[in-house]
Amino acid sequence: MKESSKKNSSEKRKQIQLKGIPAAPGIAIGKVHVYGTEDIVLREHSITSKEIPLEITRFREALKCTRKEIISIEKKISKEMGVEHGKIFSAHLLVLEDSVLVQEVIVRLKKKKKNVESVFAEVLNKYINVLSGAKDEYLRDRISDITDVGKRILRNLLGEEDRNLGELEEESIIVAYDLSPSDTAMMHKGHVLGFVTDIGGRTSHTAIMAKSLEIPAVVGLESITDVVKNGDQIIVDGIHGVVVVNPTKLFLEKYRQEKKKYERLEHDLVELKTLPSETRDGKTFIVAGNIELPEDVASVISHGAEGIGLYRTEYFYMNRKGLPSEEEQYNAYKSVAEKISPKCVVIRTLDLGGDKFLSQLDVPKEMNPFLGWRAIRFCLARPAIFKAQLRAILRASAHGNLKLMYPMISGVGEFRQANVLLEEAKKELRSAGTPFNEDIPVGAMIEVPSAAITSDILAKEADFFSIGTNDLIQYSLAVDRVNEKIAYLYEPTHPAVLNLIKMVIENGHKEGIPVALCGEMAADVALTMILLGLGLDEFSTSPIAVPEVKNIIRSVNASDMKMIAEEALTFTTGREIREFAKSKLKELVPEMMIDIE
Ligand code: PEP
Ligand code: MG
């Protein structure tokens, strides 16, 4: 008896470390608040025919009340985080306006003569079941909207208070299976120290919101809700995507120090905002930001980025029914160009496929989607869609400093084909008398090994290169970038990768064109010095990492970096190169070593 209780208590304190997807940087240490597991308790009872009208009125009142709540959240979010984020709630309003759903509740209520809560819950479950089996990804994505709104309606029917994360009494770290956009939106910054979820990816709405709120977050942990309970101590490391439950004293102390270091660094880096990315010996570079939505421009500006090096336009095509019109795209690109002007924005044309699917395009499932019908391959096969985007980009080029680039170019043939369509788009605009920049620079993303190897040929025709290392690494090392089982093989420091980058930079420079790097590697601060030494001209990274990269550039001599890059390439494995890069960073810019192994 004694032994087992001893065993239990030691088990309870056992440290558990989990790896997930970093959604928003920073380190949070606090107590767990498990959120969203309490189900709404429903009681079913019969009603008389006379009571039916009363139940229908209650239902309509609950719908009205829910509508008011959602509109007020939508307003709050649009004001605090931007209209684009607020729009998520328009989908919730659509659920309320679904007359089929409302009618089905009323018809069932009359037939079954049961209280409206239980009838509504039945209809809701039926909808959710049907949607979970749907082939269409857009429809499956609507489950979280319907569940979110359904819960609100039930709470209003039951007269229950709206439970939200804005009302936490103590500072906590939220642990949830998933967080809906309305949960995230209601987080009271002062009381939510961080959050972690079982599901969700780098591009989920929850992850996007976490970055905007600047609350450390890790998503996609798979089973975190099974291993914690309320009150457990937890560390959220949003920089590395690590979560530690019930940390040992030693671990806790290490993380407390790293947290202090990180916060001090963030504070110190604020002053870099207006300073140029210039080395001690006077060589200048560009450190730009990556964006997914027009609303992200604010973060690019507030972090002192010197332009936008990658605008991933495919997000514009996602989470919606139908394709965006040329006009809609033009307005979005124009607004980004105007906001960032006179600095430059590089608009990447539609990069659909791989892990980014658009249900409205009815693209068949493939055995190897990353090697399949994606990005420029898709655009060349669907010229009407591609040309609408090209015209929108060209029209926006009259309003700012705009460049365009094609993703997944595998050789000069594809680059030329894309340019033929670009010329057609230009001709159409010319004959309609629509203004655009005739000399808009056109670049190639270098993310396929064949493009890197033939970059000498491409450099003769492209105006600039942007190396997409997220894909270049997966293709050159044959490591699926989203498969966590082989993530240990995904090495940006593999000599093959560094040699390809070197080759692309040299070939670009031979033809006098600038070379940028816009994959996640640009934010890997241990590698900034090597990239500087290889001669990279521009880094483009998520805005949050901009001050850190700038800081390294401003702390070193460009001439020393050349030697560091040369020495790095004498090692034979990725691991050795990373260790070498880290030791150099520790030596030359020690304050940047936020690194817990
Ligand atoms: C890349 O592949 O490095 C890149 C920037 O593009 P994406 O991550 O959107 O594929
Ligand atoms: Mg890519």
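Attention here is on the structure that accompanies the text. (Residues numbered from 1 in each chain as written. Chains lettered and ligands numbered in written order. Predicted model: local features only at pLDDT ≥ 70, side-chain atom pairs only at ≥ 80, totals over all residues. Heavy atoms only, no water.)

**Section: the overall build of the protein**
The condition that has to hold: Numbered from the N terminus, helices here are DSSP runs of H or I no shorter than four residues, and strands are runs of E no shorter than two. When a residue's accessible area, from a 1.4 Å probe over protein chains only, is under 20% of the maximum for its type it is buried; when over 50% it is exposed; and in between it is partly exposed. What makes two residues a contact is simply this: any of their non-hydrogen atoms within 4.5 Å. Note on areas: these come from Shrake-Rupley sampling with a 1.4 Å probe, and a residue is covered only by the protein chains present in the view.
Tallying secondary structure elements over the protein gives 24 helices and 16 strands in all. The burial tally for the protein puts 53% of its 597 residues in the buried class. Nonlocal contacts in the protein, meaning residues at least 24 apart in sequence, comprise 68% of its contacts between residues at least 6 apart. Summed over its atoms, the accessible surface of the protein is roughly 27,500 Å², and 53% of this surface lies on carbon and sulfur atoms.

**Describing the coordination of the magnesium ion (ligand 2)**
Tetrahedral coordination by four donors places them ideally at 109.5 degrees to one another around the metal; octahedral coordination by six donors ideally gives 90 or 180 degrees. What counts here: Excluding water, the donors of a metal are its N, O and S neighbours within 2.8 Å, or within 3.2 Å for Na, K and Ca, and that exclusion means sites may look incomplete.
With distances of 2.1 to 2.2 Å, the protein atoms coordinating the magnesium ion (ligand 2) are Glu447 (OE) and Asp471 (OD). With glutamate 447 in the loop between β13 (442-446) and α17 (449-453) and aspartate 471 in helix α19 (residues 469-477), this pair connects stretches of sequence that are 24 residues apart. We classify aspartate 471 as buried; its relative accessible area is 2%.

**Here we look at the nonpolar core**
This is how the line gets drawn: Here, nonpolar core refers to any group of buried Ala, Val, Leu, Ile, Met, Phe, Trp, Tyr and Cys residues whose side-chain atoms link them within 4.5 Å.
Within the largest apolar cluster, 102 residues are counted, with the highest numbers of intra-cluster contacts made by Tyr406 and Phe465. Counting residues in hydrophobic clusters, the runner-up holds 33 residues, among them Ile73, Leu101, Val105 and Val123.

**A look at the site of ligand 1**
Spelled out, the test is: By convention in this text, a residue qualifies as near a molecule or strand provided that one of its non-hydrogen atoms is within 4 Å of it. Whenever two N or O atoms come within 3.5 Å, that pair is a polar contact, provided that in protein one can donate a hydrogen and the other can accept it, and provided that, for residues adjacent in sequence, both atoms are side-chain atoms.
As a matter of local geometry, ligand 1 sits amid 14 residues, with Arg312, Arg348, Gly468, Asn470 and Arg481 nearest to it. Within the side chain of glutamate 447, one N or O atom sits 2.9 Å away from an oxygen atom of ligand 1. Between ligand 1 and the protein, one listed contact pairs an oxygen atom with a backbone N or O atom of glycine 468 at 3.4 Å. For ligand 1, the accessible surface in isolation is 290 Å², of which the surrounding protein chains cover 99%. If one sorts the elements of the shell around ligand 1 by residue count, α19 sits on top with 3 residues.

**Details of the environment of valine 123**
Within the fold, valine 123 resides in helix α6 (residues 116-132). With 15 residues separating them along the chain, valine 123 and arginine 108 place their C-alpha atoms 8.7 Å apart. For valine 123, the contacting residues outside a window of four places in its chain are Leu101, Glu104, Val105 and Arg108.

**With respect to the sheet that holds strand β4 (residues 172-176)**
In plain terms, the rule: In short, DSSP must find at least two bridges between two strands for them to pair. Interaxial angles span 0 to 180 degrees and are taken between N-to-C directions of axes, which are lines fitted to C-alpha atoms, for helices over the stretch in contact.
If you trace the 8 strands from one edge of the open sheet to the other, you get β1-β8-β7-β3-β4-β5-β6-β2, paired in mixed fashion. The outermost strands of the open sheet, each flanked by one partner alone, are β1 (16-19) and β2 (21-24). On average, each strand axis in the sheet is tilted by 30 degrees relative to the strand beside it, whichever way the strands run. Here strand β3 (residues 27-34) pairs with β4 via 3 bridges, running parallel. Its bridge partner lying in β4, valine 32 is registered against isoleucine 173. Packing of helix α11 (residues 249-269) onto the sheet brings it into contact with β1, β3, β7 (233-237) and β8 (242-245), and relative to β3 it is tilted by some 120 degrees.

**Describing α11**
Formally: To estimate the expected span of a helix, count its residues, drop one, and scale the result by 1.5 Å. Each C-beta atom gives one direction from the helix axis, and the arc is the one those directions make.
Helix length check: α11 (21 residues) gives 30 Å between terminal C-alpha atoms against 30 Å at 1.5 Å per residue, within 8%. Looking only at α11, the buried set comprises Phe251, Leu252, Tyr255, Glu258, Tyr262, Leu265 and Leu269. The arc that holds every buried residue of α11, seen down its axis, measures 150 degrees, which confines them to one face. Away from its buried face, by an angle of more than 90 degrees, α11 presents the exposed residues Lys249, Lys260, Arg264 and His267.

**A few points about the packing of α19 against helix α20 (residues 495-510)**
The criterion, for reference: Small angles under 35 degrees read as roughly parallel and large ones over 145 as roughly antiparallel, with 65 to 115 read as roughly perpendicular and the rest as oblique. What makes a crossing left-handed is the near helix being turned counterclockwise from the far one by less than a right angle; a clockwise turn instead makes it right-handed. Note on residue classes: Ala, Val, Leu, Ile, Met, Phe, Trp, Tyr, Cys and Pro are nonpolar, Asp, Glu, Lys and Arg are charged, and everything else, Gly too, is polar.
Following both chains from N to C, one finds α19 and α20 inclined at 125 degrees, their axes separated by 10 Å at the closest point. Considering the angle they form, α19 stands oblique to α20. Where α19 crosses over α20, the handedness of that crossing is right-handed. On α20, the residues that touch Thr469, Leu472, Ile473, Ser476 and Leu477 of α19 are Ala496, Val497, Leu500 and Ile501. Across the contact of α19 with α20, the residue classes break down as 7 nonpolar, 2 polar and no charged.

**Quick word on the packing of aromatic side chains**
Heads up, the condition is: In this analysis, rings of Phe, Tyr and Trp, with Trp reduced to its six-membered ring, are considered paired at centre separations within 6.5 Å, and the interplanar angle assigns stacked below 30 degrees, edge-to-face beyond 60, and tilted for intermediate values.
On inspection of all chains with the given rule, the structure shows 7 aromatic pairs. Between the aromatic rings of tryptophan 373 and phenylalanine 378, the centroid separation amounts to 4.9 Å while the plane-to-plane angle is 70 degrees, which identifies the pairing as edge-to-face. The partly exposed category is assigned to tryptophan 373, whose relative accessible area is 27%. Ring-pair connections join several aromatic residues into one group, and the members of that group are Phe386, Tyr406 and Phe415.

**As for the environment of serine 302**
With respect to the element layout, serine 302 can be found in helix α12 (residues 297-302). Counting along the chain gives 32 residues from serine 302 to valine 270, while the straight-line C-alpha distance between them is 9.2 Å. Polar side-chain contacts of serine 302 include one of 3.2 Å to the backbone oxygen of serine 299.

**Topic: unusual backbone geometry**
A cis amide bond links serine 341 to the next residue, proline 342, at an omega of 5 degrees. Turning to its location among the elements, proline 342 is positioned in the loop between α13 (326-340) and β11 (344-348). Not every positive phi belongs to a glycine, and lysine 113 is a case in point at roughly 50 degrees. Among the secondary structure elements, lysine 113 is positioned in the loop between α5 (99-112) and α6. In the Ramachandran plot, methionine 408 falls in the positive-phi region, its phi being about 60 degrees despite a non-glycine side chain. As for its placement among the helices and strands, methionine 408 is situated in the loop between β12 (401-406) and α16 (412-432).

**Comments concerning the pattern of salt bridges**
Convention followed: We count a salt bridge whenever a side-chain nitrogen from Lys or Arg sits within 4 Å of a carboxyl oxygen from Asp or Glu.
Per the stated rule, a full pass over the model turns up 33 salt bridges. Between glutamate 122 and lysine 112 there is a salt bridge; the shortest N-O distance is 3.2 Å. Taken together, the positions of glutamate 122 in helix α6 and lysine 112 in helix α5 put the pair 10 residues apart, joining distant regions of the chain. The class of lysine 112 is partly exposed, set by a relative accessible area of 41%.

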